[in-house]
Amino acid sequence: MKVELWEDIVCSWCGIADERMKRALEIFGDREGLEFTHRSFRLLPELQEGEGVDFVDYMSAARGITKAMADEMVAPLQQLAREVGLAEYHVTDNEIGNTTLTHEFLAWASAQGRQNEAWSLLFHAHFGDRAPIWSIDDLVPFAERLGLDSAEARRSLEAREYRAQVEGDHAEAVALGSRGVPFLVIDRKYGLSGAQKVDVIVDALETAWAERGASAT
C-alpha cells in the first residue's frame, strides 16, 4: 500500500501533520507492503531562492495581516504543536521563503536512504531552532547531522540534480487536486487535506488496507 504525504517545510500545519503521521504509522504498525513517502510541495516558489523573509513582513505585504493578527491566528496552532510534543514551535517570529533548494536537499537525502530522518530534521531546524534553510551553504551542514557526505550534498545542490523531481512532485499534487499542504494520499484512492488527527489517519489507513486485502481474495 502506497502512502504519500505532500508537505512544505515552511508550512506550519505540515510540521504538526508530520508528527501526527509518525504516530499514526506507529499505531498502524509495520505491515509488509506498506510504503510511506514524503513528497515535495512549495508554497512560495515565486519568491527569490537562497534567502528567507520575515514571516510578519511577508504576511503584512501579501495579506494585510498585522503581527497582532498573526499571533492570534497561530496561537491555537502552537497549542497543537505542544500537544504532539513540539515544545518550541516558532511561526510568527520566524522566516518563510522559497523552499525549492530545501526540497532538493531532502530529495538528495532521501536517495541516500535518510528520507524520514531528513524531513524530521528540517522541520525541527526550521520551527524549533529557527535555523536558516534557504541557501546551499545553509543546507550542506545538515548532511553531516544525517551521517551523510556534505561534499556530495553540495555537489548535488550546485548541479540542481533533484530540481526536476521537486517540481514534478509539486505538479503531481496539483494534478491530484491539491492547492495546498499537508495533503495525504493513500493508494491513489483516498485523499486527506490538512493536518488530520491521528485517529482519522489511522482509520483511513485501515480502510485502504482492508479494501486492498479484499481485492486480493
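Residues numbered from 1 in each chain as written. Predicted model: local features only at pLDDT ≥ 70, side-chain atom pairs only at ≥ 80, totals over all residues. Heavy atoms only, no water.

Caption draft 1: Layout of the packing of helix α1 (residues 12-28) against helix α3 (residues 67-83). Viewed as axis vectors pointing N to C, α1 and α3 meet at an angle of 25 degrees, and their least axial separation amounts to 10 Å. By the angle between their directions, the pair α1 and α3 is classed as roughly parallel. Every pair of crossing elements has a handedness; the one defined by α1 and α3 is left-handed. From α1, Ser 12, Trp 13, Ile 16 and Arg 20 reach across to α3, where they touch Leu 77, Leu 80 and Ala 81. (Axes fitted to C-alpha atoms, helices over the stretch in contact; angles between N-to-C directions. Helix = DSSP H or I, 4+ residues; strand = E, 2+ residues; numbered from the N terminus. Parallel < 35°, antiparallel > 145°, perpendicular 65-115°, else oblique. Left-handed = near helix turned anticlockwise from the far one by under 90°. Contact = heavy atoms within 4.5 Å.)

Caption draft 2: Expanded view of the pattern of salt bridges. Scanning the entire structure with this criterion turns up 21 salt bridges. The residue Lys 67 makes a salt bridge to Asp 71 at a minimum N-O spacing of 2.8 Å. Note that Lys 67 and Asp 71 are positioned in helix α3 at a spacing of 4 residues, about one turn of the helix. Under the relative-accessibility criterion, Asp 71 is labelled partly exposed at 30%. Where Glu 104 meets Arg 160, a salt bridge forms, and the shortest distance between an N and an O atom there is 2.6 Å. With a gap of 56 residues between them, Glu 104 in helix α4 (residues 100-111) and Arg 160 in the loop between α7 (150-158) and α8 (163-175) connect regions that are remote in the sequence. Where salt bridges share partners, they join Lys 2, Glu 4, Arg 39, Asp 169, Glu 172 and Arg 188 into one cluster. (Salt bridge = Lys/Arg side-chain N within 4 Å of Asp/Glu carboxyl O. Buried < 20%, exposed > 50% of the residue type's maximum accessible area, 1.4 Å probe, protein only.)

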